[in-house]
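Tertiary structure, described
Read off the chains here:
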Amino acid sequence: MLSTRGSEQLNDRAKTLRNRARLESNGNLLFWYRELYRDQFKDLPRPKALSILEIGSGTSPLKRFHSNVVTSDVLELDYLDLVFDCHEIDKLVRIEDKSLDVITLTNVLHHLKSPIDFLNAAAAKLKPGGKVIATEPYFSVLSSFIFKYLHHEPVAFRIAEPELGEVEGPLASANIALPWLIFRRRRDWLERLNENYDVYTLSVRPFSMLSYMMTGGISRKLPIPGLLYRAMFPIDLALSRYFPSLCASFFTLIMTRR
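Residues numbered from 1 in each chain as written. Predicted model: local features only at pLDDT ≥ 70, side-chain atom pairs only at ≥ 80, totals over all residues. Heavy atoms only, no water.

1. Quick word on the pattern of salt bridges
Throughout the structure, instances matching the rule amount to 14 salt bridges. Among the salt bridges present, the one from R241 reaches D39, with a minimum N-O distance of 3.1 Å. In this pair, R241 is assigned in helix α8 (residues 226-242) and D39 in helix α2 (residues 27-41), connecting sequence segments 202 residues apart. We note a salt bridge from R186 to D188, for which the minimum N-O separation is 2.7 Å. A relative accessible area of 29% means that R186 is categorised as partly exposed. A network of salt bridges, in which partner residues are shared, links D39, K42, D43, R205 and R241. (Salt bridge = Lys/Arg side-chain N within 4 Å of Asp/Glu carboxyl O. Helix = DSSP H or I, 4+ residues; strand = E, 2+ residues; numbered from the N terminus. Buried < 20%, exposed > 50% of the residue type's maximum accessible area, 1.4 Å probe, protein only.)

2. Some thoughts on the sheet that holds strand β5 (residues 126-137)
Taken in spatial order, the five strands line up as β1-β4-β5-β7-β6 in an open sheet, and their pairing is mixed. Lying at the two open borders of the sheet, with one neighbouring strand each, are β1 (52-54) and β6 (203-207). Each neighbouring strand pair of the sheet contributes to a mean axis angle of 15 degrees, computed without reference to strand direction. Against the sheet, α2 engages β1, β4 (100-106), β5, β6 and β7 (250-256), with an angle of about 145 degrees to β4. (Pairing = 2+ DSSP bridges. Axes fitted to C-alpha atoms, helices over the stretch in contact; angles between N-to-C directions. Contact = heavy atoms within 4.5 Å.)

3. Points about the packing of aromatic side chains
The final tally for this structure, using the stated rule, is 19 aromatic pairs. The interplanar angle of 75 degrees and the centroid separation of 5.1 Å between the aromatic rings of F139 and F157 together place this pair among those described as edge-to-face. With a gap of 18 residues between them, F139 in the loop between β5 and α5 (141-150) and F157 in the loop between α5 and α6 (178-185) connect regions that are remote in the sequence. Geometrically, the ring pair formed by F207 and F233 is tilted, given 6.0 Å between the ring centres and 50 degrees between the ring planes. Taken together, the residues span a long stretch of sequence, with F207 in strand β6 and F233 in helix α8 at a distance of 26 residues. Lying across the ring of Y79, R20 places its NZ or CZ 3.8 Å from the centre. Here R186 stacks its cationic end above the ring of W189, 4.1 Å away from the centre of that ring. (Phe/Tyr/Trp six-rings, centres within 6.5 Å; stacked < 30°, edge-to-face > 60°. Lys NZ or Arg CZ within 6 Å of the ring centre and 35° of its normal.)

4. Some words on the nonpolar core
Note that soluble globular proteins tend to have their nonpolar side chains buried in a common cluster. Counting residues in hydrophobic clusters, the biggest one holds 69 residues, and the most contacted among them are I55, I103, F118 and F183. For F118, the residues in contact, after removing those within four places along its chain, are I55, C86, H87, I89, I103, L105, L109 and L112. (Core = buried A, V, L, I, M, F, W, Y, C linked by side-chain atoms within 4.5 Å.)

5. A short note on the pairing of β4
In terms of burial, β4 is a largely internal element, seven of the seven residues being buried. Where β1 and β4 come together, three bridges link them in parallel fashion. By the bridge assignment, I52 is partnered in β4 with V102. The pairing of β4 with β5 spans six bridges and is parallel. Looking at the pairing, T104 lines up with I133 of β5. What joins β4 to β5 is helix α4 (residues 115-122), and the crossover it makes is right-handed. (Right-handed = clockwise from strand over helix to strand, strands pointing away.)

By themselves these figures say nothing about function.
Here you go:
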């Protein structure tokens, strides 16, 4: 008989494979991710020549666009390069210390038990000057309503420490407000990273307004013609940049290893 943890792993694995198939069949959602990755790496010279590790690659389509990326996840999935608990990345011998140019995560930090502990451990694998690039939910007037009342993942702003209280599995456990609090609201939490990263040069860039939601996301596929969606995307992106506190839904943060 499977243990509760083993059952959770099987459920999360099945859900991840289902979500990956849905994403691959959603042309507008793939376009959204393509534009996100372009934005994430736009300031890096020749990203296809860099040593890049992605954390939380279970559903991610990043390798479709950057074949040099090393994929990883905590779930056992046969298309991944590495399977490990990212909180113990500093102990991973398959990646040499000070060997990575970039560690990237998209909508992953808010699923981690302790994002700050992970980021400090990950610093061991980055070259001096290496980057952490992560995209997470941005809480504007518009997106706060969506994330609090229309989205299925928990939102908790009143927390005593920058970590998840309970962990039930890599997909079920979440607080989508956690990265927002660390990088936008709680300077004392952010400074816990300052020994390994230059937090005073932290870059935070809003990304998109409603364009992710208009794809239907992972759970559904909305019947918006691709040409129309692509034509509207630059307007959506511009609005998120000009009026972030009003309507931005995601942000990309970039931190530099000391």
